[in-house]
Amino acid sequence: MSKKTLPGVTRRQILSFTAASAVLGAAKAANAVTLKGTPVWSPFDASPPPQIDIDGWAFFTDAEAAAMEAIVDRLVPADNLSVGGKEAGCAVFIDRQLAGFYGTYARLYMEGPFQEGTPEQGDQSPLVPQQRYRLGLAALDKYTQSQHQKLFKDLPGDQQDQILSGLENGKIALDGIDSKLFFAIALKNTMEGFFADPIYGGNRNMVSWKMLGFPGARYDYREYVGKHNQKLDLEPLSISGGDAWKMKS
C-alpha cells in the first residue's frame, strides 16, 4: 500500500495530479496569443478620468485662486531646473480635484467619531478638503491683513516663506482651522499637482517629468530592456496617449 502524505490522499495520487497539471499548463501555453503592433483599444474605454472642460476655476473663487497660486509658487519655486508651481499648473490641479469626489471625501467614511488621535492613526479631522481650503485660505488672508495689512498674495516672497513655515510648525494660529492641517494638505496636493499626469491639470507640458527624465505612461518598453546605463532621452507620454496609440484607418 502506498504511504499516505495527507488523510485520504496517497503520494501516488499527488504525483498523478501534478503530472496532469503540467500537461494542462503546457496545452494552455501552446494556445497563447502574441500581441503585436498598435493595441486594439482606446485609452480610458472602461474608466475615463474626470474631465472638467471650463474656462476659469471650478471650485476656487478668484481671491482663493490668487492666494493658492501664491502658495504653490513658494512651495515649488522656479529655478534653473523647472518653472514654479503656478506656471506648472499646481493650483489648477488642486482646483479640479476639489471640484470632484476628492473635494468631499465622497469615497471615505466620514461619520466619525472625530477624536484627536496619535500621529500613527493619521488624519482624524471632520473637515473635508473643500472645507479645509475654504476655511484655510480665508483665515490666511485674514491673518496677513491683521499682521501686515496685505493679502498673502501681495507679500514679498521671504515673508510668504516665513508665514508658510509658521503654518507648518503650528507657530501661527488660523481662525477656524488648525494651521498644520491646512499646510499639510496644501503641500501634499501641490506635490501631487507638480508630479501627476498632465491630464489632471498640473505638471503642465510635463515639466516635472522632463526635469526628472521620467518617460511617462509608455505601455511598451521591450525595445529598451537590454539597454543598460544609457541615456534614452525619451519624450514623456501622458496617459491620455500619443500618436502611436491612435488607430490608423
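Just so we're clear, the structure is a prediction, and the values are computed from it rather than from any experiment.

What counts, and where the lines are drawn
- Every chain's residues receive numbers from 1 upward, in the order its sequence appears when written.
- The predicted nature of this model means local features are confined to residues of pLDDT at least 70 and side-chain atom pairs, given and counted, to a pLDDT of 80 or more, with totals for whole chains, interfaces and linings taken over all residues.
- Hydrogen atoms and water are omitted, and side-chain values are computed over all heavy atoms in the structure.
- Whenever Lys or Arg places a side-chain nitrogen within 4 Å of a carboxyl oxygen from Asp or Glu, that contact is recorded as a salt bridge.
- Per the convention used, a helix needs a DSSP run of H or I reaching at least four residues, while a strand needs a run of E reaching at least two, with both numbered from the N terminus.
- For every residue, the accessible area obtained with a 1.4 Å probe (protein chains only) is divided by the maximum for its type, and the residue is called buried under 20%, exposed over 50%, and partly exposed between those limits.
- Patch definition: residues with relative accessible area over 30% and no salt bridge; like charges joined within 9 Å; nonpolar side chains (Val, Leu, Ile, Met, Phe, Trp, Tyr) joined within 5 Å.
- Each accessible area value is a Shrake-Rupley result obtained with a 1.4 Å probe; residue values ignore everything except the protein chains displayed when judging cover.
- Nonpolar core, defined: a set of buried Ala, Val, Leu, Ile, Met, Phe, Trp, Tyr and Cys residues in which side-chain atoms within 4.5 Å join the residues together.
- In this analysis, two residues are considered to be in contact whenever any of their non-hydrogen atoms come within 4.5 Å of each other.

## A word on the pattern of salt bridges
Inference 1: Counted by the stated rule, this structure contains 10 salt bridges.
Inference 2: Among the ionic pairs, R134 bridges to E64, the shortest N-O distance being 2.7 Å. Taken together, the residues span a long stretch of sequence, with R134 in helix α5 (residues 129-148) and E64 in helix α2 (residues 62-75) at a distance of 70 residues.
Inference 3: For R134, a relative accessible area of 33% gives the class partly exposed.
Inference 4: For E64, a relative accessible area of 11% puts it in the buried group.

## Side note on a nonpolar patch on the surface
Inference 1: Residues M191, F195, L212 and F214 make up a contiguous nonpolar surface patch of about 400 Å² in total accessible area.
Inference 2: On the secondary structure map, L212 appears in helix α8 (residues 207-212).
Inference 3: Accessibility expressed as a relative area gives 57% for L212, which makes it exposed.

## As for the environment of G216
Inference 1: As for its placement among the helices and strands, G216 is situated in the segment after α8.
Inference 2: The class of G216 is buried, set by a relative accessible area of 9%.
Inference 3: In this structure the C-alpha to C-alpha distance between G216 and P236, which are 20 residues apart in sequence, comes to 4.7 Å.

## Quick look at the nonpolar core
Looking at soluble globular proteins, one finds that nonpolar side chains tend to be buried together.
Inference 1: Counting 39 residues, the largest nonpolar core has F60, M68, Y133 and L167 as the members making the most contacts within it.
Inference 2: When residues of this core are traced back to their parent elements, those giving at least two are α2, α3 (90-98), α5, α6 (157-169) and α7 (179-195).
Inference 3: The contacts of L167, once residues within four sequence positions are left out, are L140, I172, L174, S179, K180, F182 and F183.

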